Amino acid sequence: MKTHSSFRLHPSPFDAVIIGSGPNGLAAAITLARAGRSVLVLEAKDTVGGGARSAELTLPGFTHDICSAIHPLALTSPFLRSIPFNDLGVEWIYPPASAAHPLDDGTAVMVEHDAASPARGVRATGDTLGPDAAAYRRVLEPLVRAWDDLAVDLLGPLPLPPRHPLTFTRFGLRAAWPAALFARAMFRGERARAVFAGMSAHSMLALEQLTSAAFGVVLTSSAHAVGWPMAKGGSQKIADALAAHLRSLGGEIITGQKVESMKQLPPAQAVLFDLTPRQILKIAGDELPTGYRRALERYRYGSGVFKMDWALSGPIPWKAADASRAATVHLGGTLNEIAAAEHETRSGQHPERPFVLLAQQSLFDASRAPEGKHTAWAYCHVPGGSTVDMTAPIENQIERFAPGFRDLILARSVRAAPEMEQYNANYIGGDINGGVQDVWQLYTRPAWRLSPYTTPNPRLFICSSSTPPGGGVHGMCGYHAARAVLRV
């Protein structure tokens, strides 16, 4: 629903107003509506979705995911599991393998997903890792077997005490490490080290930083345990389904309305921000005490991204044919190369050989492109706010593992870090994770509080990825924030 720019809102008071309609904002609204609360969601853009939107960015008939494309945590999320996606028209597509990591020898490490036996997928991957087959199984198999228990403790605030202490302790002993050190300590061969480095590089941290291994452990475990699905037709389908479900519960959504002041809001018992600290300060800083304002001012944002989408005349011609069995491909070569690239980025530099995260959705979803044509989606990490054009380095990395890729390009869409922020104000400096997720901000984002979703103002709550568990399409930040509202 869209209103006129005069911003005339429903005169009746609401129990809660949510600013922002990303997956977390919609999750908060749905959770409150399920509890019988009246809710209103306000969205600055003309469509709902936040980081889960899709559009024709290159040529007519080519559907691209603007930000999030593959969803490792979507169906691990207890909240998203509660949504009747089938009834709402969402079809989840599971590629045969969760991820591929090509190497210069013309092979690729394939992270296998076996829905019937996740542990068998671990073993199948381990069997391709030479001297590290047993070590890979030893690291991953216990976590994969206990994935449902582990996910409950991971997808929220710091669990004190954990609901499943043994499983969480086993995870913590792996997660606290710097990823590069963990990979070198656990694995002897380059194949296992490389694939773990690629998983860990999703953290947007230098791989020498503490807790960077947590991302590698979580993402590799989820790849085996539940797979990495995508939504047929694009990530927008997920957001549209959440919005439809909210409306079926009586919730209201107004799009095309940017909130710049608390004075714009209708009366409400609670206001929830699906926004990062910098934006919250602009809107509601005067309603927060000085100490908390200073804590939000100290909140740290991380690396940005340089995002590209392509319309292609054919599928990507990987040297490693197996790479076509996965929608997600990690391009960066060895552990040493990936670690060096991420270190350079965190140091304010632009690597010649960046780590590239690539998705090839149209191989598994024919609705993404005209018949016989294909799409590709990719980004690399850059220093926050960088305006440097990384088109050539990204395409060089693809050509390295798929010679002839450039010959297939019909059109490309390019967004540097500032353009990412211009598109979505939550992406400060191009940071798509809502802030650094290092050891200091992993569970204490956005500030040190017993409940990170609350503020000293009892009416104001935070439900964005700047709260635990952080970035990703899972809705759990919004779910936990809504639960905090209901406890007041």
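Note that this is a predicted model, so its numbers are computed, not measured.

A. Local environment of the packing of helix 1 (residues 23-34) against helix 10 (residues 236-248). With their axes 9 Å apart at the nearest point, helix 1 and helix 10 run at an angle of 20° to one another. What the angle tells us is that helix 1 and helix 10 run roughly parallel. Here helix 1 runs over helix 10; the crossing is left-handed. Between helix 1, through Pro23, Leu26, Ala29, Ile30, Ala33 and Arg34, and helix 10, the contact on the second element is made entirely by Ala239, Leu242, Ala243, His245 and Leu246.

B. Up close: the packing of aromatic side chains. Under the definition given, this model contains ten aromatic pairs. A centroid spacing of 6.5 Å and a plane angle of 35° characterise the contact between Phe79 and Tyr479, whose relative ring orientation is tilted. Placement of Phe79 in helix 2 (residues 78-81) and of Tyr479 in helix 16 (residues 476-487) is noted, with a sequence separation of 400 residues between them. Here the aromatic rings of Trp177 and Phe182 are separated by 5.6 Å at their centres, their planes lie at 85°, and the arrangement is edge-to-face. Under the relative-accessibility criterion, Trp177 is labelled partly exposed at 27%. By relative accessible area, Phe182 is classed as buried at 0%. Ring pairs connect the aromatic residues Tyr136, Trp177, Phe182, Phe187 and Phe196, which therefore count as one cluster.

C. Region of interest: the sheet that holds strand 2 (residues 39-42). Within the open sheet, the five strands sit side by side as 9-2-1-10-16. Their pairing is parallel. This sheet does not close on itself; its edge strands, each paired only once, are strand 9 (252-254) and strand 16 (460-462). Each adjacent strand pair in this sheet contributes to an overall mean axis angle of 20°, direction not counted. Pairing of strand 2 with strand 9, which is carried by three bridges, proceeds in the parallel orientation. For Leu40, the partnering residue across the bridge sits in strand 9 and is Glu252.

D. The sheet that holds strand 15 (residues 409-415), seen in detail. Strand order in the open sheet formed by seven strands is 7-6-12-13-14-11-15, and the pairing between neighbours is mixed. The open sheet has two edge strands with one neighbour each: strand 7 (108-112) and strand 15. Along the sheet, successive strands turn relative to each other by an average axial angle of 20°, direction set aside. One ladder, built from three bridges, connects strand 6 (residues 97-102) with strand 12 (residues 326-331); its direction is parallel. Looking at the pairing, Ala97 lines up with Ala326 of strand 12.

E. Seen up close, the environment of Gly36. Following the sequence through the fold, Gly36 ends up in the loop between helix 1 and strand 2. For Gly36, a relative accessible area of 61% translates into the label exposed. In this structure the C-alpha to C-alpha distance between Gly36 and Leu249, which are 213 residues apart in sequence, comes to 8.6 Å.

F. A look at the side chain of Asp132. On the secondary structure map, Asp132 appears in the loop between helix 3 (118-126) and helix 4 (133-145). Although Asp132 is buried, it forms no salt bridge, and the closest oppositely charged side chain is Arg188 at an N-O distance of 4.6 Å. From its side chain, Asp132 meets the backbone nitrogen of Gly189 in a polar contact 2.6 Å long.

G. The arrangement of helix 1 in detail. Over its twelve residues, helix 1 runs 16 Å from end to end, which matches the ideal 16 Å to within 8%, given 1.5 Å per residue. Of all twelve residues making up helix 1, eleven are buried, and the element is well covered by its neighbours. Buried within helix 1 we find Pro23, Asn24, Gly25, Leu26, Ala27, Ala28, Ala29, Ile30, Thr31, Leu32 and Ala33. Where helix 1 ends, the next residue or the one after it, Gly36, has phi of about 85°, a positive value.

H. Looking closely at unusual backbone geometry. A cis geometry characterises the amide bond from Leu160 onward to Pro161, with omega recorded as -5°. Inspection of the secondary structure puts Pro161 in the loop between helix 5 (147-154) and helix 6 (165-175). Following Arg445, the chain continues to Pro446 via a peptide bond in cis, the omega torsion being 0°. Looking at the secondary structure, you find Pro446 in the loop between helix 15 (417-423) and strand 16. Here Met204, not a glycine, exhibits a phi torsion of approximately 60°, which is positive. Along the chain, the position of Met204 falls in the loop between helix 8 (190-200) and helix 9 (212-225). Relative accessible area serves as the criterion here: at 5%, Met204 is assigned to the buried category.

I. A look at the nonpolar core. Counting residues in each nonpolar core, the largest one holds 101 residues, and the members touching the most others are Ile18, Phe85, Phe171, Leu242, Leu246 and Leu272. Residues contacting Leu242, with those up to four places away along its chain left out, are Pro23, Leu26, Ile30, Phe79, Leu80, Ile83 and Phe85. Counting residues in hydrophobic clusters, the runner-up holds 31 residues, among them Phe306, Cys380, Phe401 and Ala417.

J. View of the pattern of salt bridges. By the definition in use, this model includes 20 salt bridges. With a closest N to O distance of 3.0 Å, Arg53 and Glu43 form a salt bridge. Of the two residues, Arg53 sits in the loop between strand 2 and strand 3 (54-55) while Glu43 sits in the loop between strand 2 and strand 3, which places them ten residues apart along the sequence. Its relative accessible area of 3% is what places Arg53 among the buried residues. The exposure class of Glu43 is buried, given its relative accessible area of 6%. For Arg412, the salt bridge identified is with Glu395, shortest N-O distance 2.8 Å. Of this pair, Arg412 sits in strand 15 while Glu395 is found in helix 14 (residues 391-401), placing the two residues 17 residues apart along the sequence.

K. Representation of helix 10. The terminal C-alpha atoms of helix 10 lie 18 Å apart, and with 13 residues this matches the ideal 18 Å at 1.5 Å per residue to within 8%. Every buried residue of helix 10 is listed here: Gln236, Ile238, Ala239, Ala241, Leu242, Ala243, His245 and Leu246. Of the residues flanking the end of helix 10, it is Gly250, one or two places downstream, whose phi is positive at about 95°.

L. Focus on the environment of Pro393. Mapped onto the elements, Pro393 comes out in helix 14. Overall, the relative accessible area of 15% leaves Pro393 in the buried class. For the pair Pro393 and Arg368, spaced 25 residues apart in the sequence, the C-alpha separation amounts to 26 Å. Every residue in contact with Pro393, bar those within four places of it in the chain, is listed here: Pro351, Glu352 and Pro354.

Conventions used here
Residues numbered from 1 in each chain as written. Predicted model: local features only at pLDDT ≥ 70, side-chain atom pairs only at ≥ 80, totals over all residues. Heavy atoms only, no water. Axes fitted to C-alpha atoms, helices over the stretch in contact; angles between N-to-C directions. Helix = DSSP H or I, 4+ residues; strand = E, 2+ residues; numbered from the N terminus. Parallel < 35°, antiparallel > 145°, perpendicular 65-115°, else oblique. Left-handed = near helix turned anticlockwise from the far one by under 90°. Contact = heavy atoms within 4.5 Å. Phe/Tyr/Trp six-rings, centres within 6.5 Å; stacked < 30°, edge-to-face > 60°. Buried < 20%, exposed > 50% of the residue type's maximum accessible area, 1.4 Å probe, protein only. Pairing = 2+ DSSP bridges. Lys, Arg positive; Asp, Glu negative; His and termini not counted. Salt bridge = Lys/Arg side-chain N within 4 Å of Asp/Glu carboxyl O. Polar contact = N/O pair within 3.5 Å; in protein donor to acceptor, adjacent residues only side chain to side chain. Expected span 1.5 Å × (residues − 1). Core = buried A, V, L, I, M, F, W, Y, C linked by side-chain atoms within 4.5 Å.

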